[in-house]
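Structural characterization, general
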Amino acid sequence: MAFALAWFLAVLNVSAMPYIKVLGVTPDLVLIFAASWVIVRGQDEGLVVVPMAGLLRDLVSSDPVGTSVLAMAPIVLLAAAVRLQAMDTDFAPALGVVAAGSLLYGIISMIVLAATGEGTPLFYSIFRVVIPAAIVNALFTPIIYLPVHWLSPRKMERFQAGRLASQL
Amino acid sequence: MRVIWWLGSVFLVSIISIVLSHHGALDPVRNVSLRASAPVEGGLRDIASPISDFVDGVTDHGDVVRENEQLRQENERLQKLIAEHDDALARIKQLEDALDVKASHPEDQFLTVNVIAQDPSGLKRAIAIDRGQSDGIDEGMVVLSRNGTLVGTVSASYKNYAWVRLVTDPDSTVNAQVDTAGAATSSGDASGSAQVLTETPAPTTAAQATPAPSVSQGAGTPVLPASTGPIRGVATGDLRDGIVLDLLPSDARVTAGSQVITSGLGGNYPRSLLIGSVTSVDERPQSPFKKATIEPAADLSRLDTVLVLISFKPERLAGP
């Protein structure tokens, strides 16, 4: 299911999403999905889903294959760090991981692009692309986070247990 | 500990993938991936485009936006005609002066292709098209809008798909000149691209080779006196301003509204393709050069069909 969702979001990212510009940038649904998945489902699944989502994103974009895999890797570490903080909800950590992950994603992408001869203007890219992208991705997090949360095993178990209890 | 090992592995695999990808070793994989996703991408774009228009309309000035779009297209077409007219006049004058007629004007061919995707990262300006090497598309080939204005060049070509680097991408560099009316320009003919507008049907589903009147090959620029020569510069893509025309002579008379066309120098672009019009000029007393900001003639954010100039062989593709 994660593969299908990540692929669909990657395709959506390059087809329909460029029509949506907030603060001059397009929200990155694949990154939000990967971060939400790690927060909701835990590190074990994140170790597989994050690189897979990055790979799918790379295959349909013009970046060299491996760029997003590398740039999304810090999401797993960020999620692990956030999980150390005891919190009642997963949503606030998800917002933090998406925002911080977006910043790191942008910076790592810039480094990779520069290394492959596709350099971008440093300050403009950081202040007009990377930072706005972190804000916009955080704003769009509920759109991806909530479905991922509803589909989580814990939520499904609770839902099924609740339905069983109500029947009894 | 496990995460550290994972991170190391991901880093290593990513670097290897990036290197392989940079050298084209993963192009077949990307081609298969684009083939699998292209129908969905096309469908989603078809759905998103009217929704985007609808949202624009709801959020206050939809009618103005639509009207502006129509006027922009009309303006683009007229600007292109004016640019060609001026260039044709200049060329006639030059031919009269030089009595040196170019011998060959091979017919140009355009391949009409559909845009299927757009790079979502704000760090690049690129679009994906649904034709590739099997249709004769190669890296470096020039891509035009339906109205014949410059859109960009093919940056990566796979078997059935290709990525196009737009003129607004930071890595795009085009030798350009300001199309000043009456300025003596160098050899080359008026581009036949204007006819493309009338000869090429609006969005088509199948690729088709469209013969069009000639476009010059960008060679043979004679040396002209500085006072009568064209104002030349380098048009570079800019994430903020769109396109910046740099390295203009400090004494050049460039004003807002001046049209900028390709100069053909270097042989990577045909001459006289309209790039856009000057919106502002940056003059600094101490600087040896002027800069101008250009608004692209084509609406690069809403491209659905573009033309690949397959008969023009850029210098960078030509062998030694």
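Before reading further, recall that the structure is shown in the block above.
Residues numbered from 1 in each chain as written. Chains lettered and ligands numbered in written order. Predicted model: local features only at pLDDT ≥ 70, side-chain atom pairs only at ≥ 80, totals over all residues. Heavy atoms only, no water.

Time to look at the sheet that holds strand β6 (residues 173-178) of chain B. Pairing in this closed barrel of 6 strands is antiparallel, and the strands run β6-β8-β9-β12-β11-β10 (chain B) around the ring. Within this sheet the neighbouring strands show an average axis-to-axis angle of 40 degrees, counted without direction. (Pairing = 2+ DSSP bridges. Helix = DSSP H or I, 4+ residues; strand = E, 2+ residues; numbered from the N terminus. Axes fitted to C-alpha atoms, helices over the stretch in contact; angles between N-to-C directions.)

All names here are of chain A. Nonpolar side chains collect at one region of the surface, where Leu23, Leu103, Leu122, Phe123, Phe127, Ile131, Ile135 and Leu139 lie side by side and expose about 800 Å² of accessible area between them. Sorting elements by how many residues they give to the nonpolar patch places helix α7 (residues 122-150) first, with 6 residues. With respect to the helices and strands, the residue leucine 103 is situated in helix α6 (residues 91-115). (Patch = residues over 30% accessible without salt bridge, like charges linked within 9 Å, V, L, I, M, F, W, Y side chains within 5 Å. Areas by Shrake-Rupley, 256 points an atom, 1.4 Å probe, with all protein chains shown as cover. Salt bridge = Lys/Arg side-chain N within 4 Å of Asp/Glu carboxyl O.)

Phe33(A), Met72(A), Ile75(A) and Trp163(B) are the most contacted members of the largest nonpolar core, which totals 71 residues. The element best represented in this core is helix α2 (residues 29-41) of chain A, accounting for 11 residues. (Core = buried A, V, L, I, M, F, W, Y, C linked by side-chain atoms within 4.5 Å. Buried < 20%, exposed > 50% of the residue type's maximum accessible area, 1.4 Å probe, protein only.)

If you trace the backbone, Ser37(B) turns up in helix α2 (residues 27-58). Taking relative accessible area as the criterion, Ser37(B) reaches 0% and is therefore assigned buried. In this view, Ser37(B) contacts Trp7(A), Val11(A) and Val60(A); residues no more than four positions away in its chain are not counted. (Contact = heavy atoms within 4.5 Å.)

Attention shifts here to the packing of aromatic side chains. All names here are of chain A. A complete count under the given rule lists 2 aromatic pairs over all chains for this structure. Here phenylalanine 33 and tryptophan 37 contribute two aromatic rings whose centre-to-centre distance is 5.3 Å and whose plane-to-plane angle is 50 degrees, an arrangement assigned as tilted. In this pair, phenylalanine 33 and tryptophan 37 both sit in helix α2, 4 residues apart, roughly one turn of the helix. Looking at phenylalanine 33, the relative accessible area reads 1%, which means it is buried. (Phe/Tyr/Trp six-rings, centres within 6.5 Å; stacked < 30°, edge-to-face > 60°.)

The subject of this paragraph is helix α1 (residues 2-22) of chain B. Residues and elements named next belong to chain B. Taking 1.5 Å of rise per residue, the 21 residues of α1 would be expected to cover 30 Å, and the 30 Å separating its terminal C-alpha atoms lies within 8% of that figure. Turning to α1, its buried residues number three or more, namely Val3, Trp6, Val10, Ser14, Ser17, Ile18 and Ser21. The arc that holds every buried residue of α1, seen down its axis, measures 100 degrees, which confines them to one face. Facing away from the buried side of α1, by more than 90 degrees, are the exposed residues Ile4, Trp5 and Leu12. Within two residues after α1, glycine 24 carries a phi angle of roughly 85 degrees, on the positive side. (Expected span 1.5 Å × (residues − 1). Arc of directions from axis to C-beta.)

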